[in-house]
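# Descriptive structure summary
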Amino acid sequence: MRNASIYAAVLLSVLLISIASAAGSSYCTTGGTIQSAAPWYCSQINVQAQSVWAQWAPLAMTVAMLSYMVGVIIFVAGIALRNQKIRNFGVGEMYESLASMLIVVGFLFLTAVLFGLVPSMVTGPINPYNTSLSYIATTINTTSSLASRLFIIGALDRYYASITPQVCFLNSLITVCTPTEFRPFGITVLLFYWPAWALMQFMLDALISLYTQYYFILFFLYAGIPVFLIPGVILRAFLPTRGVGGMMIAIAIGFFVVMPVLFSVAYYFTNLGALKALSNTYATITQYGAGAGAQTNAISSNSPLVLAVANANSVMNGFWLSILFFPALILAITYSIVTNIANLIGGASTWSNRRLTALV
């Protein structure tokens, strides 16, 4: 009993200190820690977090207090029944409730540290959301422009390559025409059309992947705090929903913090060279693929259109890594981090369930 009181007093002291610290900290004002390290967070996400948290803070505090009172009731019941197991279970629930109260009281500061300060340690004072979304949007624009241009020029060249000249002569007042085996633009099918068509089909698949990544990041940008983090904090306060709450908090941290940072880093190091090569290819085929002489620009292995498609195909390895391999790797890393954070935050529910099972 005495030890439990001492522990509770220590935790309450920590709670009061955190309240004073959270109330007196100016982390998003001029000279503040978050403002200096991640100004983008203060000007964008912190404003949204404050407006949303203002609506949910009273409910979260009420839930945390009720959870604490439930722990106190269980603890008192254990004393009345002289049951050490029930008393230990009540003390554990009081600890969990105090932890939830600390999270609720310092929510905005913890959010600023996790979602502002932690990413800035990797990317610097650069918004990882703007960086990753800008890279993906630029890649989408370049890829779609090149794919549409390849389709237009490739379809036109394929049409001209399908034309078969005929030799006609007059025989007894009847015109007789005989197809020839010579097709003046038939070589463009092998040198330009099929490589360009294969490149265009690959780019269409790449666009599906890019749009999926773009809207996936955009979804968690707007839904991370109000849909996952805040409900997770509230659900974590009670034993039956503690595991679910911990998982929701972990999802918010993983997909709101980790995923955009990894995307911005991956695209920065792998996508710039491919984008430059694709942009050059687009400029070349736009210049030589329209107007008079467009077909003759793809009629030999040294023609500008053939060389442009060959150069684009040569950088497809890096393009493949940036839009298919790295996104899959990033999602796997994010999932691993989410599960570990969920076990850390909501894993106490497993311990509590064991203690609850021991009472039966």
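Cut-off values and rules
Residues numbered from 1 in each chain as written. Predicted model: local features only at pLDDT ≥ 70, side-chain atom pairs only at ≥ 80, totals over all residues. Heavy atoms only, no water. Helix = DSSP H or I, 4+ residues; strand = E, 2+ residues; numbered from the N terminus. Buried < 20%, exposed > 50% of the residue type's maximum accessible area, 1.4 Å probe, protein only. Contact = heavy atoms within 4.5 Å. Areas by Shrake-Rupley, 256 points an atom, 1.4 Å probe, with all protein chains shown as cover. Disulfide = S-S within 2.5 Å. pLDDT = per-residue confidence, 0-100. Patch = residues over 30% accessible without salt bridge, like charges linked within 9 Å, V, L, I, M, F, W, Y side chains within 5 Å. Salt bridge = Lys/Arg side-chain N within 4 Å of Asp/Glu carboxyl O. Core = buried A, V, L, I, M, F, W, Y, C linked by side-chain atoms within 4.5 Å. Expected span 1.5 Å × (residues − 1). Bend = angle between axes of the 7 residues up to and from the residue.

## Quick word on the overall build of the chain
When its secondary structure is counted, the chain shows 12 helices and two strands. Secondary structure elements of the chain, listed N to C terminal, follow the sequence α-α-α-α-α-α-β-β-α-α-α-α-α-α. Counting all 360 residues of the chain, 42% fall into the buried class. A sequence separation of at least 24 residues applies to 77% of the contacts in the chain between residues at least 6 apart. Of the roughly 18200 Å² that the chain leaves accessible, carbon and sulfur atoms contribute 68%.

## A short note on the state of the cysteines
One pass over the structure, following the stated rule, counts one disulfide. Covalently, Cys28 is tied to Cys42 through a disulfide, its sulfur atoms 2.0 Å apart. Disulfide Cys28-Cys42: torsion about the S-S bond near -85°, hence left-handed. With Cys28 in the loop between helix H1 (2–24) and helix H2 (33–37) and Cys42 in helix H3 (residues 39–81), the pair connects residues that are 14 residues apart, well separated along the chain.

## What to know about the confidence of the model for the chain
Any segment with low pLDDT has predicted coordinates that should not be analysed in fine detail. Confidence in the prediction for the chain averages 77 pLDDT; 78% of positions are at 70 or higher. Here residues 348–353 is a poorly scored stretch, pLDDT under 50, and it has 11 contacts once near neighbours within four places are set aside; other chains count.

## With respect to a nonpolar patch on the surface
On the surface, Trp320, Leu321, Leu324, Phe325, Leu329 and Ile333 cluster together into a nonpolar patch covering about 510 Å² of accessible area. If you trace the backbone, Leu324 turns up in helix H11 (residues 316–346).

## Examining the nonpolar core
Membership of the largest hydrophobic core comes to 80 residues, with the highest contact counts inside it found for Tyr41, Phe115, Leu150, Ile225 and Phe319. With 18 residues, the top contributor of residues to this core is helix H7 (residues 187–235). For Ile225, the residues in contact, after removing those within four places along its chain, are Ile45, Ala49, Phe107, Thr111, Phe115, Ile230, Pro231 and Phe256.

## Focus: helix H5 (residues 107–123)
Given a rise of 1.5 Å per residue, 17 residues ought to cover 24 Å, and the 23 Å separating the end C-alpha atoms of H5 matches this to within 8%. When the local axis directions of H5 are compared, the greatest deviation, roughly 30°, occurs at Val113. Three or more residues of H5 are buried, namely Phe107, Thr111, Ala112, Phe115, Gly116, Leu117, Pro119, Ser120 and Thr123. Positive backbone phi, approximately 80°, marks Gly124, located one or two places after H5.

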